[in-house]
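What follows is each chain in one-letter form.
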Amino acid sequence: MQNLLETERNIPKLLDKYIHEEEERLVQLKKLSEEYAKKNEQSIENGMKDIVNPINAFLLIKRKIFDWKEIESKMNANKAGNVVNSITDDNYGVRYPTADDLSGAAIGLLRLQDTYRLDTKDLADGKIYQDQGNYTFSAKDCFEIARAAYNEHDFYHTVMWMEEAKRRLADEEEPSVEVEDILEYLAFALYKQNNLKHALKLTEELYKLNPSHPRAKGNVKWYEDLLEQEGVRRSEMRKNLPAIQNRRPDSVLGNTERTMYEALCRNEVPVSQKDISRLYCYYKRDRPFLVYAPIKVEIKRFNPLAVLFKDVISDDEVATIQELAKPKLARATVHDSATGKLVTATYRISKSAWLKEWEHEVVERVNKRIELMTNLEMETAEELQIANYGIGGHYDPHFDHAKKEESKSFESLGTGNRIATVLFYMSQPSHGGGTVFTEVKSTVLPTKNDALFWYNLFKQGDGNPDTRHAACPVLVGIKWVSNKWIHEKGNEFRRPCGLKSSDKERFVGDLGVGPEPRDAPNLSPVLAKDVWETL
């Protein structure tokens, strides 16, 4: 979207150039027209003489063929095709949006509406959260959103947005969409949502507007037959219309988890004050280097342990990583548990790229820093993944680790399961975009330059079901993150098994001996920015 804005700035210049070239071409065509007018006068004067003489006839035919080729060539010299191609191809560094992109943006908007409980009218008026937008939707805009939902067999949203389109159309002086189209889509969506009487009423309204409509008359009879099958007498089909039912469809996640996920995204789930009172911050100094440049750590949760490393990536490093990633960004993938291959999935909508350590010194520096932050081995970790979330981009509740039955998930890597996750927040959206843990009911909102860390596995190697988490869609703002998935291989001694299956870390790097950081001597920290940058 940011690249698209840059392209928009270049279009006026391109069009001005095209108009100038077209004006020159039209001047040449006018001259050509004047020349042929003179030739035609001579041809008309000679008339039959040229036609009856075979030599003259041959020359006339030949001249007309070549004359027409010249005319055709100059008329076809329009460069509009070249202009369109120059806008839409890679010359401008961006792919111009397609109908699929528009549909994807509409579906993303519907996801935001559900997650953050946004009213349809407010959205159409440009109101998002407490922000008043600069634009409002026309009836046509609402119709397009409804049609995108319809094409996905999402009749719940089709009803809401077609009704809004119908309301707005009534207020428009110049209709932006045909009322017949709205009525037909809305009637069928209402039928799919178990509102047969309302579907019949709208279809009869459509038939009265246009008796020659190709489907209206047949659909009236069809709805009447369906009502009859339900035991409704024909005399009652148009009476006592009940309130419209528009039930949201069941989620593949299960309605309970979806409800919790969305409530956490809205940050509406209360947190125990007693639990909060146990949390604390500390300086991580357990490595020689960190004596001079300790890492600020905020414990976000104890069970399972999750911490936020504060200010561990600079703005300059973020900018470099983003620039390295932009040319590589592609639709994000997930591991297919059956095949172990990477595939796209509707439950993960974002763009991602992978950066190798040797590609830039900043990537190498960040990898070394992660090792200091986590005390875990980086040699067997996956490459640094960068993700950018667009309109309604999200990642439904999932596990980073492979479950026992998903034995092929990381087979090709040969490094074991994902023992831990580090998630860098490289931007801070105005609203939304949080990381939520649905099993333990906790929310972490993005704070730029910080990194969230948690262990995916228990110390004995089994997956921890309490690490199920999700990326909430961004409501307002931009979300860039980068993450590092750390694997088991090489960490046998860095994170050894506990004596009991219930053993858990109290803090990052906890080996089960010694005091917690808050009980350690309170040494004065030396925060040396220049030391960090050399790392």
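Residues numbered from 1 in each chain as written. Predicted model: local features only at pLDDT ≥ 70, side-chain atom pairs only at ≥ 80, totals over all residues. Heavy atoms only, no water.

Considerations on the sheet that holds strand E3 (residues 281-284)
Sheet architecture is open: nine strands sit in the order E3-E4-E5-E17-E13-E20-E11-E10-E6, paired in antiparallel fashion. Edge positions in the sheet fall to E3 and strand E6 (330-331), since each of these pairs with one other strand and no more. Of the pairings in the sheet, the one linking strand E10 (residues 351-355) to strand E11 (residues 384-389) comprises five bridges and is antiparallel in character. Across the sheet, the residue bridging to leucine 355 is leucine 384, located in E11. Contacts from helix H16 (residues 361-374) reach E3, strand E4 (295-302), strand E5 (305-310), E10, E11, strand E13 (418-425), strand E17 (451-455) and strand E20 (479-487) within the one sheet, and its direction differs from that of E13 by about 120°. (Pairing = 2+ DSSP bridges. Helix = DSSP H or I, 4+ residues; strand = E, 2+ residues; numbered from the N terminus. Contact = heavy atoms within 4.5 Å. Axes fitted to C-alpha atoms, helices over the stretch in contact; angles between N-to-C directions.)

Looking at the packing of helix H5 (residues 99-115) against helix H7 (residues 139-151)
Here H5 crosses H7 at 90°, and the two axes come no closer than 9 Å. On the basis of the axis angle, H5 is roughly perpendicular to H7. Each of Ser103, Ala106, Ile107, Leu109 and Leu110 in H5 lies in contact with H7, whose residues at this interface are Ile145, Ala148 and Ala149. Taken together, the residues of the contact of H5 with H7 sort by class into seven nonpolar, one polar and no charged. (Parallel < 35°, antiparallel > 145°, perpendicular 65-115°, else oblique. Nonpolar A, V, L, I, M, F, W, Y, C, P; charged D, E, K, R; others polar.)

Structural notes on the packing of aromatic side chains
In this description, an aromatic ring pair is defined by two values, namely the gap between the centres and the angle between the planes. For the structure on display, the rule yields 16 aromatic pairs. What links up through ring pairs into an aromatic cluster is the set Phe143, Tyr150, Phe155, Tyr185, Phe188, Tyr191, Trp222 and Tyr223. Sitting above the plane of the tyrosine 455 ring, arginine 495 keeps its charged end 4.1 Å from the centroid. (Phe/Tyr/Trp six-rings, centres within 6.5 Å; stacked < 30°, edge-to-face > 60°. Lys NZ or Arg CZ within 6 Å of the ring centre and 35° of its normal.)

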